[in-house]
Amino acid sequence: MSWWKRNGIWLLLLPVAVAAAGFAASHRFLEIYWPSQPTSPVEVTASRSPGSTDGKKQVAHYVSAFTNSGKEYERDITVSFVGARPLTEWNGMVAAEGTQLWGFDFAFEADPQVIASGCNLFVFDAEGTKYFQHAAQVVSENAGAFTVADCVPPGAEGPMLDFFTGDVQDSLQPRPRTWESTLAVALPRGVEPASVQLFWDLPAYAEFSLP
């Protein structure tokens, strides 16, 4: 029997093996050079504002950088987790059937010229199940105008990046140095949030726990 006949099956499988190896390598390349998961936690400390009587708040100093259209931008934002509360409606959205809308309140501080829009939030229950922002939400019958820029005050978002052109556009009103925002996430009824992860530029994220 010739070598070709003895090894024919392996020759047929060789392209599949090469393709699988290439996929694994490219996947690892993406995870290293284009991370898609929050894997680098930002330090979170507990602090109390001067004169505050409502206990200590969890605070994170979020510093990151990102590149778009060949231009590099930096973020330097101080984030304080204020708390969580059930909501009936938020920003023109209500929870889908079988779910409960929760609001997560944050306080921010950043230079008015820092791009602070475009944040994301993951919510985890006590079992570690992850819930995504904007999932299981439907438009309210009484919905009016709403904003899609998260983590910034409507109408005073500050500089916002056009991801298609790379241009930076200013909002109608300048963003103040300090402000507050609420992010809403729907959870199954009976499930309560245990922790949240807030991030702009992966892999950096800030994780806050609920009491």
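These numbers come from a predicted model, not from an experiment. (Residues numbered from 1 in each chain as written. Predicted model: local features only at pLDDT ≥ 70, side-chain atom pairs only at ≥ 80, totals over all residues. Heavy atoms only, no water.)

Draft legend 1. Looking closely at the overall build of the protein. Helix and strand content of the protein: two helices and 14 strands. Residues classed as buried in the protein amount to 36% of the 211 residues present. Of the contacts made within the protein by residues no fewer than 6 positions apart, 64% connect residues no fewer than 24 positions apart. Of the roughly 12,900 Å² that the protein leaves accessible, carbon and sulfur atoms contribute 57%. (Helix = DSSP H or I, 4+ residues; strand = E, 2+ residues; numbered from the N terminus. Buried < 20%, exposed > 50% of the residue type's maximum accessible area, 1.4 Å probe, protein only. Contact = heavy atoms within 4.5 Å. Areas by Shrake-Rupley, 256 points an atom, 1.4 Å probe, with all protein chains shown as cover.)

Draft legend 2. Local environment of the nonpolar core. In this structure, Phe-106 and Leu-198 are the most contacted members of the largest nonpolar core, which totals 34 residues. Elements represented by at least two residues in this core include exactly β3 (57-68), β4 (71-87), β6 (99-109), β7 (120-125), β12 (178-188), β13 (193-199) and β14 (204-209). In this structure Leu-198 touches Tyr-62, Val-79, Phe-106, Phe-108, Cys-119, Asn-120, Leu-121, Cys-151, Leu-183, Tyr-205, Ala-206 and Phe-208, once residues within four positions along its chain are discounted. (Core = buried A, V, L, I, M, F, W, Y, C linked by side-chain atoms within 4.5 Å.)

Draft legend 3. Layout of the state of the cysteines. The final tally for this structure, using the stated rule, is one disulfide. There is a disulfide in this structure between Cys-119 and Cys-151, and the S-S distance comes to 1.9 Å. Handedness here is read from the sign of the S-S torsion; for Cys-119 and Cys-151, about 85 degrees, the answer is right-handed. Of the two residues, Cys-119 sits in the loop between β6 and β7 while Cys-151 sits in the loop between β9 (137-139) and β10 (160-161), which places them 32 residues apart along the sequence. Judged by relative accessible area, which is 2%, Cys-119 ranks as buried. (Disulfide = S-S within 2.5 Å.)

Draft legend 4. Looking closely at the pattern of salt bridges. This structure, assessed with the given rule, holds three salt bridges. For the salt bridge of Asp-201 with Arg-75, the shortest nitrogen-to-oxygen distance reads 2.7 Å. Remark: Arg-75 occurs in strand β4 and Asp-201 occurs in the loop between β13 and β14; sequence separation between them is 126 residues. Like Arg-75, Asp-201 is buried. Measuring nitrogen to oxygen at the nearest pair gives 3.7 Å for the salt bridge that ties Asp-111 to Arg-177. Taken together, the positions of Asp-111 in the loop between β6 and β7 and Arg-177 in the loop between β11 (168-169) and β12 put the pair 66 residues apart, joining distant regions of the chain. (Salt bridge = Lys/Arg side-chain N within 4 Å of Asp/Glu carboxyl O.)

Draft legend 5. Spotlight on the environment of Leu-121. Looking at the secondary structure, you find Leu-121 in strand β7. Along the chain, Leu-121 and Gln-133 lie 12 residues apart, while their C-alpha atoms are 5.8 Å from each other. Leu-121 has contacts with Phe-104, Phe-106, Tyr-131, Phe-132, Gln-133, Leu-183, Val-185, Val-196, Gln-197 and Leu-198, leaving out every residue within four places of it along the chain.

Draft legend 6. View of the environment of Phe-106. Within the secondary structure, Phe-106 is located in strand β6. Exposure remark for Phe-106: the relative accessible area of 1% places this residue in the buried category. Apart from residues no more than four positions distant in its own chain, Phe-106 is found in contact with Val-79, Ser-80, Phe-81, Val-82, Leu-121, Trp-179, Glu-180, Ser-181, Leu-183, Val-196, Leu-198 and Phe-208.

Draft legend 7. Examining the sheet that holds β13 more closely. Strands sit in the order β1-β14-β13-β7-β8 across an open sheet of five strands; the sheet is mixed. In the strand order of this sheet, the two ends are held by β1 (40-41) and β8 (130-132), each with one partner. As paired strands, β7 and β8 are joined by three bridges and run antiparallel to one another. Along β8, the bridge assignment pairs Phe-124 with Lys-130. (Pairing = 2+ DSSP bridges.)

Draft legend 8. Region of the structure containing the confidence of the model for the protein. Model confidence for the protein is summarised by a mean pLDDT of 82, while 76% of its residues fall at 70 or above. By mean pLDDT, the top-scoring element of the protein is β13 (98), and the lowest-scoring one is helix α2 (residues 8-33) (42). When the criterion is pLDDT under 50, residues 10-34 qualifies, and its contacts beyond four places in sequence or with other chains add up to six contacts. (pLDDT = per-residue confidence, 0-100.)

Draft legend 9. Broad picture of the pairing of β6. Most of β6 sits out of view: nine of its 11 residues are buried. As defined by bridge partners, β4 adjoins β6 across nine bridges and the pair is classed as antiparallel. Looking at the pairing, Leu-87 lines up with Leu-101 of β6. Across 11 bridges, the pairing between β6 and β12 is antiparallel. By the bridge assignment, Gly-103 is partnered in β12 with Ala-184.

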